[in-house]
Every structure is written in structure tokens, then in C-alpha cells.
Amino acid sequence: MTQNKYQNIIANEEVNQNKLDRADAIISELYHKMPKYIANGHGPFLAAIYDNDGNLIAESANSVLSDKCSNNHAETNVIRAAEEKLGTHDLSKYNLSLYITAEPCMMCIGAIMWSGIRAVYYGVPSKTVQNITGFDEGFKPKWLNEFAARNITVYGNIAPESGERVLRDYVTNGGTIYKPKRTY
């Protein structure tokens with residue numbers, strides 16, 4: 001992997017090349033899986049939780065539309081699956097990492113923080129998600145700093161071009177952009 005590939009990485013710690021290479025491989029694989037999930041009625045976001053030894057603990061896609069529940073983002077679904085699998089509401093003792101195809105929205109930031117996840121790696125930044133799709137990613141002031149203060153590592157903007165293609169295809173193919181109707 002060339003360093004140039006990672007020139008626009010967002011991180012709340014000094015960049016560790018090994019962590020970044022691992023995240024790139026996992027997120028790229030998630031992007032590869034996304035079309036199958038979308039074809040099965042899921043939203044265009046996928047998340048996976050891994051332990052320090054590289055074992056997959058859980059993987060889940062966004063199921064807002066299929067479950068008719070606005071809280072069922074990929075992040076909340078995968079956290080719930082990991083908690084069920086490990087039999088706990090507190091994942092902190094497992095030193096787990098969350099890999100996501102896009103930057104977490106404001107709701108998912110809270111869920112991640114309270115779950116005990118120790119590291120977050122994401123692909124497409126929220127601003128790009130919003131520009132491509134129209135999804136409302138929410139207000140997230142200084143969230144990277146807040147995660148750092150809680151010893152939660154964050155790396156972002158990992159292989160975003162692949163994720164952007166998935167999002168564009170979702171929109172082009174008539175994927176539903178779900179958000180509440182607002183009257184102002």
C-alpha cells in the first residue's frame with residue numbers, strides 16, 4: 001500500500017500504518033459485500049466488529065426500511081448483535097473495533113460511545129454521504145475529540161472512492177433516502 005493512498009486519512013491519534021492497512025482491507029471487503037445487502041432490501045451501509053486477533057464478532061447492514069425502525073442503522077445493529085453474541089451490554093472488556101462503510105451519524109456516535117467499542121474505522125465521510133445521497137447525518141461537533149477523550153480511536157476516510165460508488169449506485173437505482181419529513 002502506498003502512503004499516497006492514505007493522504008486524506010482522518011484520525012484522532014498519530015496514524016498507525018498497521019491499523020490503517022487492516023482497516024483498509026476490512027472496509028474494502030465490506031464495500032464489496034454491500035450490493036448483495038442492498039439487493040436484499042437493506043440500506044447502503046454495512047458495519048462489522050472484530051476483536052484484536054482479527055476474529056469477526058458480528059456483521060450487520062442498515063435495516064431501517066426492512067424493519068421499519070429508524071434506529072436500525074448498521075452500527076446499532078452490529079453492536080446489538082455483538083452484545084447478544086458475547087452476552088453483555090458492555091463490550092469494553094473485549095477491546096473490539098468497529099469498521100463501517102461510512103462515518104457514523106449522530107445517533108450512532110452515542111451508541112458507539114456507550115457500547116464500549118474501543119476503535120472506529122470508517123470509509124466515506126458524512127459530508128460526502130450527504131452530498132451523494134441526501135441522508136441527514138446530523139450535528140456532530142468535535143466528536144473525534146470527544147472520542148479521543150474517552151480513549152476511543154477513530155480513523156476515517158478509508159478507501160472512500162469505493163464507498164462513494166456504492167452510494168451513487170444506490171441513488172441511481174432508486175434506493176430510498178429515509179429521513180423524517182420536516183415542515184419549517
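Parameters at a glance
Residues numbered from 1 in each chain as written. Predicted model: local features only at pLDDT ≥ 70, side-chain atom pairs only at ≥ 80, totals over all residues. Heavy atoms only, no water. Helix = DSSP H or I, 4+ residues; strand = E, 2+ residues; numbered from the N terminus. Rg over C-alpha atoms; globule rule 2.2 N^0.38 Å. Buried < 20%, exposed > 50% of the residue type's maximum accessible area, 1.4 Å probe, protein only. Contact = heavy atoms within 4.5 Å. Pairing = 2+ DSSP bridges. Core = buried A, V, L, I, M, F, W, Y, C linked by side-chain atoms within 4.5 Å.

Colleague: Break down the overall build of the protein chain for me, with residues and values.
Modeller: In terms of regular secondary structure, the protein chain is built from seven helices and six strands. Across the protein chain, helices and strands are ordered from the amino to the carboxyl terminus as β-α-β-β-α-α-β-α-β-α-α-β-α. For a compact globule of 184 residues, the expected C-alpha radius of gyration is about 16 Å, and the protein chain comes in at 15 Å, within 12% of that figure. With the principal axes as the frame, the protein chain shows a C-alpha extent of 40 × 40 × 35 Å. Among the 184 residues that make up the protein chain, the fraction classed as buried is 47%. Summarising the internal contacts of the protein chain: among those between residues at least 6 apart in sequence, 65% fall at separations of at least 24.

Colleague: Can you break down the pairing of strand 3 (residues 56-61) residue by residue, with the values?
Modeller: Two strands pair when backbone bridges link them, and strand 2 (residues 46-50) and strand 3 are joined in this way by five bridges, in the antiparallel orientation. Bridge assignment links A47 to a residue of strand 3, and that residue is S60.

Colleague: Go over the nonpolar core with me, naming the residues and quoting the values.
Modeller: Judged by nonpolar contacts, the single largest core of 52 residues is most densely connected at I49 and I158. When residues in this core are grouped by element, the largest group, seven residues, is from helix 1 (residues 17-39). Not counting chain neighbours up to four residues away, the residues in contact with I49 comprise N55, L56, I57, A58, V78, I79, A82, L96, S97, L98 and I117.

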